[in-house]
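Analysis of the macromolecular model
Spelled out, the chains give:
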Amino acid sequence: MWPDHWPRTPREIATATADALAAARSESAEPFDEAVAVLVDLPYEQVTAVHAGMVRELLEELHPDGLAGEDVQAVLERSVRSGLRWLPSLEPEAVVAVLTGALGVSDSDAERPKIRPEQYLAAGLLVVADLVAARRVAPEAYLRRAVSEIERAETQEMP
């Protein structure tokens, strides 16, 4: 399913992300939690970079004329409402952190609530699931591009 040249870790990130998104689509808490547990055991920065890349690309496609605060608020509300319906452990603060982090607007000086990695990853996956549903597309192409972009950035030499 994934490109043969991808190393093991990006393949595992892609597979677990796809599994989690399928579980989110069907609102299946147990398989979702299992996929998140796999992602927690992988390099956190790489996982979050892939998910953030997907969020940014989907937001850009959904809002080609620019993203307004109301647009972000709508994603936040939809993600939290739908997530809490089947995933009672969802932390709304984590959804806020995912969106502000992906958009690069988080305040590094602000005191942040302690969000555990599994909470942050679950929130990110719910945001991606919401955006994929809003865009009415399958997530695999976005996942491939996000992993490929990380791979490209890591192999590009710095001047």
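Everything that follows concerns the structure shown earlier in this document.
Since this is a predicted model, take the numbers as computed values, not measurements. Counting of residues starts from 1 at the beginning of each chain's written sequence and follows it residue by residue. Totals for whole chains, interfaces and linings use all residues, but because this is a predicted model, local features are given only for residues with pLDDT of at least 70 and pairs of side-chain atoms are given and counted only at 80 or more. The basis for the side-chain values is all heavy atoms of the structure; hydrogens and waters are excluded.

Describing the side chain of glutamate 57
- As for its position among the elements, glutamate 57 is in helix H3 (residues 44-62).
- We call two residues contacting when some pair of their heavy atoms lies within 4.5 Å. If we skip the residues at most four places from it in the chain, glutamate 57 touches Tyr142 and Arg145. Counting from the N terminus, the helices are DSSP H or I runs at least four residues long and the strands are E runs at least two residues long.

Here we look at the pattern of salt bridges
- The salt bridge criterion pairs a side-chain nitrogen of Lys or Arg with a carboxyl oxygen of Asp or Glu, the two atoms within 4 Å. Tallied over the entire structure, the rule returns eight salt bridges.
- Its salt-bridge partner being arginine 11, residue aspartate 4 comes within 3.7 Å of it at the nearest N-O pair.
- For arginine 11, a relative accessible area of 25% puts it in the partly exposed group.
- The shortest N-O distance in the salt bridge between arginine 8 and glutamate 12 comes to 2.9 Å. Of this pair, arginine 8 and glutamate 12 both sit in helix H1 (residues 8-25), four residues apart, which is roughly one turn of the helix.
- Residue burial is assigned from relative accessible area. The probe radius is 1.4 Å, only protein chains are included, and a residue is buried under 20% of its type maximum, exposed over 50%, and partly exposed in between. Relative accessible area serves as the criterion here: at 62%, arginine 8 is assigned to the exposed category.
- Look at glutamate 12 and you get partly exposed, because its relative accessible area is 28%.

Thoughts on H3
- The length a helix should cover is 1.5 Å for every residue beyond the first. Taking 1.5 Å of rise per residue, 19 residues should cover 27 Å, and H3 covers 27 Å from first to last C-alpha, within 8% of that figure.
- Residues of H3 that are buried: Val47, Thr48, Val50, His51, Ala52, Gly53, Met54, Val55, Glu57, Leu58 and Leu59.

Description of unusual backbone geometry
- The residue glutamate 27 is not glycine, and still its phi comes out positive at about 55°.
- Checked against the element boundaries, glutamate 27 lands in the loop between H1 and helix H2 (29-40).
- Backbone geometry at arginine 136 places phi at a positive 60°, although glycine is not the residue there.
- Residue placement: arginine 136 occurs in the loop between helix H6 (117-135) and helix H7 (140-155).

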